[in-house]
Amino acid sequence: MIFTQHLRKRGVQARYYCTLSSGLRSSSISTRSGINLHVVRSLRNSQSNQLPILCIPGALGTAVTDFLPQLEGLQNCSEIIAFDPRGYGQSRPPERDFPLDYFGRDGADGDDIMRALDYDSYNLIGWSDGAIASMFLASRERARVNRLILVAGNSFFTHEELLFYEKVRYVASSWSPQMRGSLEQIYGVEGLQTMWTRWCDAMQQLWKEKKGNLCTKLLKDIRCPTLIVQGAKDTMTAPSHAEFLAERIPGAKVRIFPEGKHNVHIRYASEFNKIADEFF
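Calculation rules
Residues numbered from 1 in each chain as written. Predicted model: local features only at pLDDT ≥ 70, side-chain atom pairs only at ≥ 80, totals over all residues. Heavy atoms only, no water. Pairing = 2+ DSSP bridges. Helix = DSSP H or I, 4+ residues; strand = E, 2+ residues; numbered from the N terminus. Axes fitted to C-alpha atoms, helices over the stretch in contact; angles between N-to-C directions. Contact = heavy atoms within 4.5 Å. Parallel < 35°, antiparallel > 145°, perpendicular 65-115°, else oblique. Left-handed = near helix turned anticlockwise from the far one by under 90°. Nonpolar A, V, L, I, M, F, W, Y, C, P; charged D, E, K, R; others polar. Core = buried A, V, L, I, M, F, W, Y, C linked by side-chain atoms within 4.5 Å. Buried < 20%, exposed > 50% of the residue type's maximum accessible area, 1.4 Å probe, protein only. Salt bridge = Lys/Arg side-chain N within 4 Å of Asp/Glu carboxyl O. 1 Å grid on protein atoms, 1.4 Å probe; cavity = no way out; pocket = protein on both sides within 12 Å on 5 of 7 lines; lining within 4 Å. Points joined across faces, edges and corners; volume = space filled by probe spheres on them.

Caption draft 1: Geometry of the sheet that holds strand E6 (residues 145-151). The strand order E1-E2-E4-E3-E5-E6-E7-E8 describes an open sheet built from eight strands, whose pairing is mixed. The sheet is open, and its two edges are formed by strand E1 (24-30) and strand E8 (253-257), each paired on a single side. Strand-to-strand, the axes of this sheet are offset by a mean angle of 20 degrees, without reference to chain direction. Relative to strand E4 (residues 79-83), helix H2 (residues 63-73) is tilted by about 165 degrees, and along the sheet it contacts E1, strand E2 (36-43), strand E3 (53-56), E4 and strand E5 (122-127).

Next up, the structure:
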């Protein structure tokens, strides 16, 4: 999701896709399924032996709104690549839909981008929904994903968490102005509600069909070094998910931000970037 206060501090216009800061460049890249995705890239050192980093945003999120501090701040890489998942931001059309396999689809789209850019191996950061997509990707493309950071990720959700999603279903009454402001600039007031309603409906369907199990069976297949980053005060993704993932992803490590909420990589960008640079 988007956090207006963070974007304003960095001087980013609400309609972020009209203007990118110097050093960032955008383009459209086609996936193997024929979908055009909006991609933002930040070149560090193309001659470096360091691997590029792919960043996958969260629900309703985009490259710049969810990963601007990383696009601008990460150093230990040859290039940073982030994208608007299909149906979000500038990756429209098509309009966003939520089939049962949409997390895996987002992960596959990310890998398609890296293939189009001729990268055989890369590091990966996923946040929230993007963390789930990253788990699918890392488990399926073990020869290509070198290292993985999961931020506020979960491989399942409980009925209590489903009830929480329902509590925040109606944007106007349950979201803060800061949370909805920039999203409304991207999708419009009605468009934002429609998009979020579809997401909430998708969670209901995932509960009905899979009892909230998103990718737990795949965790054992993630073989790359993995760092799990979690905010201790996250209300969207319970901190207990971090330990659950660490117990099931071979060799995974956990880093907890004691005051962190759902957007730790944005709220604590400098510290997060330092940790990521050291890990990569």
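Caption draft 2: Fine view of the packing of helix H3 (residues 102-116) against helix H4 (residues 129-140). Between H3 and H4, the shortest axis-to-axis distance is 7 Å and the interhelical angle comes to 70 degrees. Put simply, H3 runs roughly perpendicular to H4. By crossing handedness, the relation of H3 to H4 is classed as right-handed. Of H4, the residues touching H3 (which contributes Tyr 102, Phe 103, Gly 104, Asp 106, Gly 107 and Asp 111) are Asp 129, Ile 132, Ala 133, Phe 136, Leu 137 and Arg 140. Class assignment for the residues of the contact of H3 with H4 results in six nonpolar, two polar and four charged.

Caption draft 3: View of the nonpolar core. By size, the foremost hydrophobic cluster in this structure holds 61 residues, and its most contacted members are Leu 54, Leu 60, Trp 196, Trp 199 and Met 203. Of all the elements, helix H8 (residues 189-210) adds the most residues to this core, at nine residues. Core analysis: the next-biggest nonpolar cluster, separate from the first, contains 27 residues, Leu 68, Leu 74, Ala 152 and Ile 275 among them.

Caption draft 4: Highlighting H2. The buried fraction of H2 is high, at nine of 11 residues. Those residues of H2 that fall on the buried side of the exposure criterion are Ala 63, Val 64, Thr 65, Asp 66, Phe 67, Leu 68, Pro 69, Gln 70 and Leu 71.

Caption draft 5: Inspection of the pattern of salt bridges at higher detail. A full pass over the atoms with the stated rule returns 17 salt bridges. Here Asp 106 makes a salt bridge to Arg 96, at a shortest N to O gap of 2.9 Å. Pair noted here: Asp 106 is in helix H3 and Arg 96 is in the loop between E4 and H3, with a separation of 10 residues, a long-range link. Since its relative accessible area comes to 2%, Arg 96 is described here as buried. As a salt-bridge pair, Arg 180 and Glu 184 come within 3.7 Å of each other at their nearest N and O atoms. Separated by four residues within a single helix, Arg 180 and Glu 184 lie in helix H7 (residues 177-187), roughly one turn from each other.

Caption draft 6: Examining empty space enclosed by the protein more closely. With the rule as written, the count across this model stands at two cavities of 30 Å³ or more. In this model, the largest cavity occupies a volume close to 150 Å³. Around the largest cavity sit 18 residues that line it, and Ser 128, Asp 129, Asn 154, Trp 199 and Met 236 are the ones nearest its centre. Looking at the lining of the largest cavity, the elements that each hand over two or more residues are H4 and H8. In terms of residues, the lining of the largest cavity owes the most to one element, H8, which gives three residues. Within the lining of the largest cavity, the residues separate by chemical class into 12 nonpolar, five polar and one charged. Along the walls of the second largest cavity sit Ile 56, Pro 57, Gly 58, Ala 59, Pro 85, Tyr 88, Arg 96, Tyr 102, Asp 106, Asp 129 and Gly 130, which together make up its complete lining. Those elements that provide at least two residues to the lining of the second largest cavity are H3 and H4.

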